[in-house]
Structures are given as C-alpha cells and as structure tokens.
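Next come the chains, spelled out residue by residue.
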Amino acid sequence: MSARLANISLGRTSLGRIPHVGSLGIILALLILGQLVNPSFLSPMNLWAVLSVSALLAVASAGQTLVIISGNQGIDLSVGSVMTLTALIVSGMAGSSDAAVPMALAVVLGLGTLIGLANGIGARFLGLYPLVVTLGGSFVVEGLGLVYARSRPPQMPGPMIENIGIGRFLGIPWLVLIGAVVTVAMTLLLRKSRYGRQLYLVGSNIRAASAAGIPVTRVLLTTWAASGFLAAFAGVLLYGYVASANLSVGAPYTMMSIAAAVIGGTALSGGAGSFVGTVLGAVIFSLITNLLIMLGLGPALRYAISGLVLILVLFATSRDAR
Amino acid sequence: MKLTALLAGAGMFVCAVSAATAQDLPFLKNADHGKGPFKIGFSNGFIGNAWRAQHVDGVEKTAAELKAAGVLSDVIVVNSTSGASGQISQINALLAQGIDALVINPVSAEPLMPIVQRAIDSGVLVVVADNPLPMDNVLNVSLDHSQYWGISTEWLVDAIGGKGDIVAIEGLAGNTANDWRVRARDEVLARHPDVRLLASVTGGWDQAQAREAMSGLLAAHGDKIDGVLIQEVMNEGVIRAYRAAGVSRPPLTGDYVLSYLKLWKNDPDLRTVAVANPPGVGSDAVRIAAEILSGSKLDTDKLVPNPLNPSFNNTILIPEPYVVEREANTSRPWCSEQVQCISLDEAIALLDGRSDADSLDKTLTQDEVRTLYFR
C-alpha cells in the first residue's frame, strides 16, 4: 500500500512509474485506432463531443471515486437515482426561466448532500454494507422522483441550463470547462487537503487510522455527503446535456461511475486511487462508445465488444490494485 | 395418462364454453365469468418514463368510469419497478385476489409467458396491452408499430427527395416494439433502393445515449447525412448533438410529446414529422377486456395475425391516431379516417393545458370500442 502511494506521489521517471501510463497508453491506442477507422475521428468536433460526454461522466464518478477510496466496502449505488431526482427537480422548479435556477441549485445540492449523509449514517452506524444501504436508498430516491414528477412534470430548460449543455466559452464546451474545474478541485482535495490524506488512511486501514487519532466517522460522513452533493451536481449537468428529464435519465450512471473509477485505477478495496485516473477512465469509456458507433457495428456486437474491451482495459489499468 | 385426461377435460370445457358464447377462439375460453360486475387486474411491466405514467393514468381513469357504470367492481393496478421478476410476483398476487381478467403490458415476452399461462389455467381472461405475447390463448391489443416507423420512414424518404444517405437511432435492440419497427423501416427502404442506410445505432430511448450516438455518427459521416430516422424520446438529444457540433440539420423524424411539439413550433427551420404512438392503448385494452367479460361478441374480422407468431390470429391492432406535419398534408398515402393527418398547431391544441412531458394521446370510448371491435 505505502509503496503504491509513494509511487503516485513521487512520480519516478521510468515508463512504468509514470502515473496512469496504462490509461494514457489505451487512450493513445484508441485515438490511433479511431483515426485509422475514420479520418474525422480526430476532428475537433468529434473530440469536443467525446470530451463533453467524458466530463459529464467524470463529474458523475467524482463522488463514487471518493466513496470507493474510503474503503470498507464503500460503493454508492444511489448515484444514478440522485442524478435523476436532481434533473427532475431543477426542471420542475426552474422551468424555462433562469430566475429560479439558483434556488433550484441550492435545493438539489442540499438534498443530494442530505441523501449522501443518510447513506453514510446507514453505512457507518447501522453496520450495513454500503452496497445494501445505497441500493435501498436508491429505491427511496427513485420513489421520490416518481412522486415529484407526477406532482410537477418536467419542462424544457431555460437559457442558463441550455448553455451548460451545448454552449461554449472561448471555443471550449462549458461541460468540458466545468469538468476541468472539478478535476482541479478534486485533485487538490485528495492530494493537498488534510481531509484527502485522512481519506486514504481510513480507506487503507480504518483501525490503524482510528488508532492514529484520525476522526474516522467525520471523514466517512464527509465522504458520503460529498458523494451525494457531487451526484446532485452531475444531475444538473446531465439535465443540461439532454435538455429534458425523465424518471430513468440518470439510471445508467450508477454502473458507469463505478466503471470509470475502477478503470481509472481506483482500488475497490479502498485506500488507493486518484481523480485524474477516474477522468481518464471516463475518457476511455466515451472513446470506446464513440469508436464503436463510428464503426457502424450492430448493437449486439457493440455490447459484446465494449464488454470485452472494458475487461482488457481493466486488465491493463487496475490489476495491481488488488 | 394424467395429461390425456387433463387435455380431454380442457377440450370438453372449451366445447362447453364455445357452445355458450358461439365464439370458438382459444383466447376466449375464460371469457365467461357470469353477470358481473367484474374484477380486473392491470399489470404494467415498467414505470420509468412519462409515456408509462400517462399509460397508467389512462387505465385508472377508465377504471373509475367503468366502476361508476357498474361494469367493473374493482381494477387493481400494479407497476413493476424490478423487471420481469417483479412483474411475475405481482401477477401472482393479483391471481391470489381472485381477478376475472388480467390486462398485462409485459416487460418482456419470454419470462412472462409461464405466469400468463398459469393465469389462463386458473380461469382468468388475459388481454395483453401494448407489447404483444406470442401465445395463442391471449388477446393482444397492440399499437401498430409498422405504421409508427413505416410512416416515419416514408416521410423521411420523401423529405430527402427519394434519394440520399440516412442514419437511424433505434430504441432498444431486442425489444418487441423496436424490432417490429425496424422490420417496418427495412420494408420501406427495400422499396427505395436510392436511399442508403449508413448506420443504425441504438439510443436506448434515452436522450443522453442518443446525443452521444448522434455525435459519433456526425463525426463519422458529417454532412453526408441527408436525413435522420429516430424513435421517440431521443429526438431532442439528436437535435442537441447537431447544435453542439454546429452542423446544419437535415430532415429528421420527431417525437409526439408536447415539449417536442413546442420546440418544433419555435424553430421554423426544423423539418420533422411526428407519428403518435398513444399511451391510451392501456385504457383501450381494459375496455376491450370489460366488453368481453360483459358478454359482447368480438368481431373476428378485426383480428390480425399475432405480430410475433403469425400463425395465431389473435391480435387487435390499434392504429396510430395522428401524423403531425407543420402544415397538415391530407394527401399523404397514409392518411385515413383512423390515421388522421393533422397540423402542428392542431396537435398542440390537442395537448392544451397539459404538461410538457405529456404525449399526444387517443383513447377510445366504450361505445367506440363496441362499434369498432365487437358485433
């Protein structure tokens, strides 16, 4: 464990010691393959499209990364349903005007944090597996979404949300810019803050961390609350990306967020991982989808191939994480 | 030995019933439940989107009406949120409550067939709404998905002048309605050899997936794409992919949900069409079940072959009620009394006062059901 941490922080020069060399190699290979398949693969249009999807997935996986690093079987299966709920609420509250967007944001980010906190309390104090707590939690959140959608049906977004989804600033899509800001913030949080250092220790050995005087409960509850908050934020971005909300709009992101984190080298056993890794995992995920669409393969073959490629990618990126 | 006895018994039972109803149809063997009022169970296999919410609302409204009229004593509506297994256990619970008829929208065919067979064996009349089942002893009440994508494809072929390259975004491969629609599309395209299908990808009836897929198709084929054929729900995602890429939009097929109709209204350059696939089919199926239980005779001329197994003649196809174009074009070959060609403004007026997520709908009245499908 400590050797691996040293590896990441020191960044030795030999090839094997370059951080994320596996992910970067796969991305390079996918880019070359894509360009061979179709000369417009590397066009700015396609790359921005891929990066926009990647940014959305990366933000959706941010909380998941924290929870998985926190170890102790940490996994958050409520990411997708929280994203759905926030998309529905922002859509319902803000409607087609911008005036109510700040209020809607405050409500959904607060609600997301509370849901995360509730998950954390279930996992920490009730002695339940996070898998079970968050699965149950996700049903509750789904039910809330259903009730809300019935009482206040979704509408089309106003200019601000619209802009998040398709607008650009200085030629760069807003989604990509937001993704970049989240990446910097998450990396600072994990690498430079006291919380970040404590999180890795709690994740690798909770007893040792506790014995060393680390406020384990506070670290874990903060992590879960952050996961809910970040999933809620990702739900807002998703709403911008698709411009309409329905009861299953966030559902695919639960599994994709776990996949992106794990492809990015976050150890399911906890205590190791980085957000840059997750971002690269999200990029790999989006590149594979994009490449297979460009190849024009039938759906059955696409599913099978993307599954196989993911297993290969995991083999290359996260085998040492066991 | 035992089986033979059982079969003989069943045969005698069928004979007895058919003598009583004079309709020798395998799916009507459980039609006779006395004088009523009757108890119906409605099992909906999925409740994740606005279409399904409207589907169930329609059933509940019709249930209230038929209860008030004294035709039905109770309608128990259950929605599965956990796929086939959830639906199976809910149907078990419905059977335990002693229903006369089961109206079911199955989440998928194969896993639900054994429990549906059990319902039939226990004497319950089974009417399958929306997604059909390949069984001869149920009555399927389905929407005409051949019309849904057949008309959409015809429109697109015409919109691009009968020749060019198109791409398609399907719903979910393997899903009954999706595969049925794909067959209809391919039949139309076979008649137009100058229209080339560059790629057909799945968007899972999910806007995010559809936008991602369209972005990929745009990168791969760029402005070679002369038209886009899309199933419902995903259309706004596709339009967003075009806007984000800054590529000018070719004709594309649209959605029949109010938010899309409004978007269309506000975008004079959008060339699109909407074929309505009404959620009201659930209500229609409940009315048909109630009518059968009440002793009315089905008009067998209205039955068509089962879309999944053409050797069974046990399906009522509900036509797609509206085809929407910006200006109503009633000279289109698909327009008829049952498939009305209406304008965008008329479509929006039909949804006046409804929420943006509501679909263009059509539900038959009990009288219409009686005239259209019964003698």
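Residues numbered from 1 in each chain as written. Chains lettered and ligands numbered in written order. Predicted model: local features only at pLDDT ≥ 70, side-chain atom pairs only at ≥ 80, totals over all residues.

Undergrad: For this particular structure, what's the right way to read the overall build of chain A?
TA: Within chain A, the secondary structure is distributed over 14 helices and two strands. A globule of 322 residues ought to have a C-alpha radius of gyration of about 20 Å, and chain A, at 19 Å, matches this closely. With respect to the principal axes defined by its C-alpha atoms, chain A has extents near 55 × 50 × 40 Å. A burial count over chain A gives 53% of its 322 residues as buried. Intrachain contacts of chain A at a sequence separation of at least 6 include 77% that bridge at least 24 residues. (Helix = DSSP H or I, 4+ residues; strand = E, 2+ residues; numbered from the N terminus. Rg over C-alpha atoms; globule rule 2.2 N^0.38 Å. Buried ≥ 20, exposed ≤ 12 C-beta atoms within 10 Å, placed from the backbone. Contact = placed C-beta atoms within 7 Å.)

Undergrad: Would you explain the overall build of chain B in this entry?
TA: When you go through chain B residue by residue, the secondary structure sums to twelve helices and twelve strands. Computed over its C-alpha atoms, the radius of gyration of chain B comes to 22 Å, within 12% of the 21 Å expected for a compact globule of 375 residues. Judged by the C-alpha coordinates and their principal axes, chain B covers about 70 × 45 × 40 Å. A burial count over chain B gives 53% of its 375 residues as buried. A separation threshold of at least 6 residues defines the contact pool for chain B, and within that pool the share at least 24 residues apart is 71%.

Undergrad: Where do I start with the UniProt feature "domain: Periplasmic binding protein" (unreviewed entry) in chain B in this structure?
TA: UniProt records the feature "domain: Periplasmic binding protein" (unreviewed entry) for residues 40-296 of chain B in the present numbering. Overall, residues 40-296 of chain B shows 48% helix and 19% strand. The separation of its end C-alpha atoms is 17 Å. (UniProt positions renumbered as here; feature names shortened; annotations may be inferred.)

Undergrad: Can you walk me through the interface of chain B and chain A in this structure?
TA: Often, the extent of an interface is quoted as the loss of accessible area upon association of its parts. Every contact between the two is made by 30 residues of chain B and, on the other side, 32 residues of chain A. When contributions to the side of chain B that touches chain A are tallied by element, the ones reaching two or more residues are α2 (50-68), β7 (195-202), α7 (207-221), α8 (235-245) and α9 (258-265) of chain B. In terms of residue count, the dominant contributor to the side of chain B that touches chain A is α7(B) (ten residues). When its residues are assigned to classes, the side of chain B that touches chain A shows 14 nonpolar, ten polar and six charged. (Nonpolar A, V, L, I, M, F, W, Y, C, P; charged D, E, K, R; others polar.)

Undergrad: Just checking my understanding: could you explain the sheet that holds β7(B) for this structure?
TA: All names here are of chain B. Pairing is parallel in the open sheet, where three strands are placed in the order β7-β6-β8. Lying at the two open borders of the sheet, with one neighbouring strand each, are β7 and β8 (227-230). In this sheet, adjacent strand axes meet at a mean angle of 20 degrees when their direction is disregarded. Bridging between strand β6 (residues 164-170) and β8 involves four bridges; their strand directions are parallel. Across the sheet, I166 pairs through a bridge with G227, a residue of β8. (Pairing = 2+ DSSP bridges. Axes fitted to C-alpha atoms, helices over the stretch in contact; angles between N-to-C directions.)

Undergrad: I tried to follow the sheet that holds strand β2 (residues 72-79) of chain B on my own but got confused; where do I start?
TA: Strand pairing in a sheet relies on backbone hydrogen bonds, with the paired strands running either antiparallel or parallel. Residue and element names in this part refer to chain B. Read from one edge to the other, the open sheet built from six strands follows the order β2-β1-β3-β4-β5-β10, with strand pairing classed as parallel. Only two strands of the sheet have a single neighbouring strand rather than two, namely β2 and β10 (315-318). When the angles between neighbouring strand axes are averaged without regard to direction, this sheet yields 15 degrees.

Undergrad: For this particular structure, what's the right way to read the packing of helix α9 (residues 194-204) of chain A against helix α11 (residues 216-242) of chain A?
TA: The packing of two helices is summarised by the inter-axis angle and the distance between the axes. Residue and element names in this part refer to chain A. Relative to each other, α9 and α11 sit at 105 degrees, their axes nearing to 10 Å. Considering the angle they form, α9 stands roughly perpendicular to α11. Residues Y195, Q198, L199 and V202 of α9 form the contact with α11, whose participating residues are V216, V219, L220, T222 and T223. Of the residues in the contact of α9 with α11, the class split is six nonpolar, three polar and no charged. (Parallel < 35°, antiparallel > 145°, perpendicular 65-115°, else oblique.)

Undergrad: Which parts of the structure should I look at to understand the packing of helix α3 (residues 44-69) of chain A against helix α8 (residues 174-192) of chain A?
TA: Residue and element names in this part refer to chain A. It is at 8 Å that the axes of α3 and α8 come closest, and there the two elements cross at 40 degrees. Our classification of the angle between α3 and α8 gives oblique. Handedness of the crossing formed by α3 with α8: left-handed. Residue-level inspection shows W48, L51, S52, A55, L56, A58, V59 and A62 of α3 in contact with α8, the latter providing L175, V176, I178, G179, V182, T183 and M186. Counted by class, the contact of α3 with α8 contains twelve nonpolar, three polar and no charged residues. (Left-handed = near helix turned anticlockwise from the far one by under 90°.)

Undergrad: Help me understand the domain arrangement of chain B in this model?
TA: All names here are of chain B. Segmenting chain B into domains produces domain 1 (2-144 + 278-318 + 362-373) and domain 2 (145-275). Spacing between the C-alpha centres of domain 1 and domain 2 amounts to 33 Å. Listed by partner, the interface residues are seven residues for domain 1 and seven residues for domain 2. Grouping the constituent residues of the side of domain 1 that touches domain 2 by class yields five nonpolar, one polar and one charged. (Domains from an automatic or database assignment.)

Undergrad: Whenever I open this one, unusual backbone geometry confuses me. Can you help?
TA: Trans is the common state for peptide bonds, and a negative phi is the common state for residues other than glycine. The backbone phi angle of L170(A) is positive, close to 55 degrees, even though this residue is not glycine. Locating L170(A) in the fold gives a position in the loop between β1 (168-169) and β2 (172-173). The phi angle at D130(B) is positive, at roughly 70 degrees, despite the residue not being glycine. Among the secondary structure elements, D130(B) is positioned in the loop between β4 (125-129) and β5 (139-143).

Undergrad: How should the environment of S283(B) be read in this particular structure?
TA: Residues and elements named next belong to chain B. Inspection of the secondary structure assignment puts S283 in helix α10 (residues 281-293). A tally of 30 C-beta atoms within 10 Å means that S283 is categorised as buried. A sequence separation of 154 residues divides S283 from A129, and the C-alpha atoms of the two residues are 8.8 Å apart. Those residues in contact with S283 that sit more than four places away from it in its chain are G58, V59, K61, T62 and T363.

Undergrad: So what exactly am I meant to see when it comes to the nonpolar core here?
TA: Across soluble globular proteins, nonpolar side chains have a tendency to be buried as a group. Counting residues in each nonpolar core, the largest one holds 214 residues, and the members touching the most others are V127(B) and A289(B). Here this core takes 18 residues from α11(A), the largest share from any one element. Residue contributions to this core reach at least three from each of two domains, namely domain 1 (2-144 + 278-318 + 362-373) and domain 2 (145-275) of chain B. Apart from the residues lying within four places of it in its own chain, the contact partners of A289(B) are I40(B), A101(B), V103(B), L125(B) and V127(B). (Core = buried A, V, L, I, M, F, W, Y, C linked by C-beta atoms within 7 Å.)

Undergrad: When you look at the environment of T272(B) in this model, what are you seeing that I'm missing?
TA: Residues and elements named next belong to chain B. One can find T272 in the loop between α9 and β9 (274-275). Between the C-alpha atom of T272 and that of D24, which follows or precedes it by 248 residues, the distance is 46 Å. Setting aside residues up to four positions removed in sequence, T272 forms contacts with P251, L252, T253, G254 and W264.

Undergrad: What should I look at first to understand α8(A) in this one?
TA: The periodicity of an α-helix, 3.6 residues per turn, causes residues three or four places apart in sequence to face the same way. The end-to-end C-alpha distance of α8(A), which contains 19 residues, comes to 26 Å, matching closely the 27 Å that a straight helix rising 1.5 Å per residue would cover. If you follow the buried residues of α8(A), they end up packed against α3, α7 (159-166), β2, α9, α11 and α13 (275-295) of chain A. (Expected span 1.5 Å × (residues − 1).)

Undergrad: I'm lost on the confidence of the model for chain A in this one. Help?
TA: Reading fine detail from the predicted coordinates is not recommended where pLDDT is low. All names here are of chain A. This prediction gives chain A a mean pLDDT of 86; 90% of its residues lie at or above 70. For chain A, per-element mean pLDDT is lowest for helix α1 (residues 2-10), which scores 42, and highest for α8, which scores 96. Predicted confidence is poor over residues 1-13, with pLDDT under 50, and the contacts of this stretch with residues over four places away or in other chains come to ten contacts. (pLDDT = per-residue confidence, 0-100.)

Undergrad: For this particular structure, what's the right way to read the pairing of strand β1 (residues 38-44) of chain B?
TA: The two faces of the sheet receive side chains in turn, since in a regular strand these alternate between them. Residues and elements named next belong to chain B. Taken across its seven residues, β1 has six buried, putting it largely inside the fold. Taken together, the seven bridges between β1 and β2 define a ladder with parallel strand orientation. By the bridge assignment for β2, F38 is matched with L72. The handedness of the β1 to β2 crossover, carried by α2, is right-handed. Two elements, β1 and strand β3 (residues 101-105), share five bridges in a ladder whose sense is parallel. Bridging across to β3, S43 finds its partner in I104. (Right-handed = clockwise from strand over helix to strand, strands pointing away.)

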